[in-house]
Amino acid sequence: MGMAVAHGMASGMNGMRTAGDLVMRMEMKGMKIKEAKEYVAGKLGVGVPELSDEYRMKEVREELDIGTVMAVPGAAKGLRAKARIADILGIEIPCVEKLR
């Protein structure tokens, strides 16, 4: 897992400010970065270039209720946001599965 975290930090997609965390999750599932970006963009209903646009992704994250860097009152955060991410991306996240 350490290498995945290092890659996530170095990839320049800014984690939760954009879609870096979502792309990294798909890479950890075995996808190459290009494939992961296309998959995530498709699931979020945006174009690949929008994945690294902080303003656009803040809007998308708020609309889909999948967490933002700055907490929004009443919006999902923590495990609730992770559960929504798992549902939207169609993946299993171990801590979410334990909760369910």
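Residues numbered from 1 in each chain as written. Predicted model: local features only at pLDDT ≥ 70, side-chain atom pairs only at ≥ 80, totals over all residues. Heavy atoms only, no water.

K.L.:
Can you help me understand the environment of Y55 in this one?
P.N.:
Note on placement: Y55 falls in helix α4 (residues 54-64). In the structure, Y55 is positioned 37 residues away from T18 in sequence and 8.1 Å away in space, judged by C-alpha atoms. (Helix = DSSP H or I, 4+ residues; strand = E, 2+ residues; numbered from the N terminus.)

K.L.:
What is the right way to look at the environment of I93 in this model?
P.N.:
Counting through the fold element by element, I93 comes out in the loop between α5 (79-89) and α6 (94-99). When the C-alpha positions of I93 and L79 are compared, they lie 9.9 Å apart, and in sequence the two are 14 residues distant.

K.L.:
Explain unusual backbone geometry to me, please; I cannot follow it from the model alone.
P.N.:
Most peptide bonds take the trans form, and the phi angle of most residues other than glycine is negative. Not every positive phi belongs to a glycine, and D65 is a case in point at roughly 55 degrees. Examined against the element boundaries, D65 turns out to sit in the loop between α4 and α5.

K.L.:
Just to check I follow, could you spell out α4 for this structure?
P.N.:
Helical geometry note: an α-helix holds 3.6 residues per turn, so side chains three or four residues apart project in the same direction. Here α4 has its buried residues at M57, V60 and R61. Buried residues of α4, viewed axially, fall in a sector of 100 degrees; they line one side. Of the residues in α4, the exposed ones pointing more than 90 degrees away from the buried face are Y55 and E63. Capping of α4 at its N-terminal end is provided by D53; its side-chain oxygen lies 3.0 Å from the backbone amide nitrogen of Y55. (Buried < 20%, exposed > 50% of the residue type's maximum accessible area, 1.4 Å probe, protein only. Arc of directions from axis to C-beta. Polar contact = N/O pair within 3.5 Å; in protein donor to acceptor, adjacent residues only side chain to side chain.)

K.L.:
What should I look at first to understand the packing of helix α2 (residues 20-28) against helix α3 (residues 33-44) in this one?
P.N.:
How two helices sit against one another is set out by the angle between their axes and by the gap between those axes. At a closest axis distance of 9 Å, the pairing of α2 and α3 adopts a crossing angle of 125 degrees. Judged by the inter-axis angle, α2 sits oblique to α3. At the point where α2 passes α3, the crossing takes the right-handed sense. Residues L22, V23, M26 and E27 of α2 lie in contact with α3, whose contacting residues are I33, A36, K37, Y39, V40 and L44. Looking at the contact of α2 with α3 residue by residue, the class counts come to eight nonpolar, no polar and two charged. (Axes fitted to C-alpha atoms, helices over the stretch in contact; angles between N-to-C directions. Parallel < 35°, antiparallel > 145°, perpendicular 65-115°, else oblique. Left-handed = near helix turned anticlockwise from the far one by under 90°. Contact = heavy atoms within 4.5 Å. Nonpolar A, V, L, I, M, F, W, Y, C, P; charged D, E, K, R; others polar.)

K.L.:
Teacher, can you tell me more about α3 here?
P.N.:
In this model α3 runs 16 Å from its N-terminal to its C-terminal C-alpha over twelve residues, within 8% of the 16 Å that 1.5 Å per residue would give. When we look at burial in α3, the residues that qualify are A36, V40, A41 and L44. Relative to the axis of α3, the buried residues are bounded by an arc of 130 degrees and lie together on one face. Structural note: α3 exposes K34 and G42 on the side pointing more than 90 degrees away from its buried face. Looking at the packing, one finds that the buried side of α3 touches α2, α4 and α5. Remark: G45 follows α3 within two positions and exhibits a positive phi of approximately 75 degrees. (Expected span 1.5 Å × (residues − 1).)

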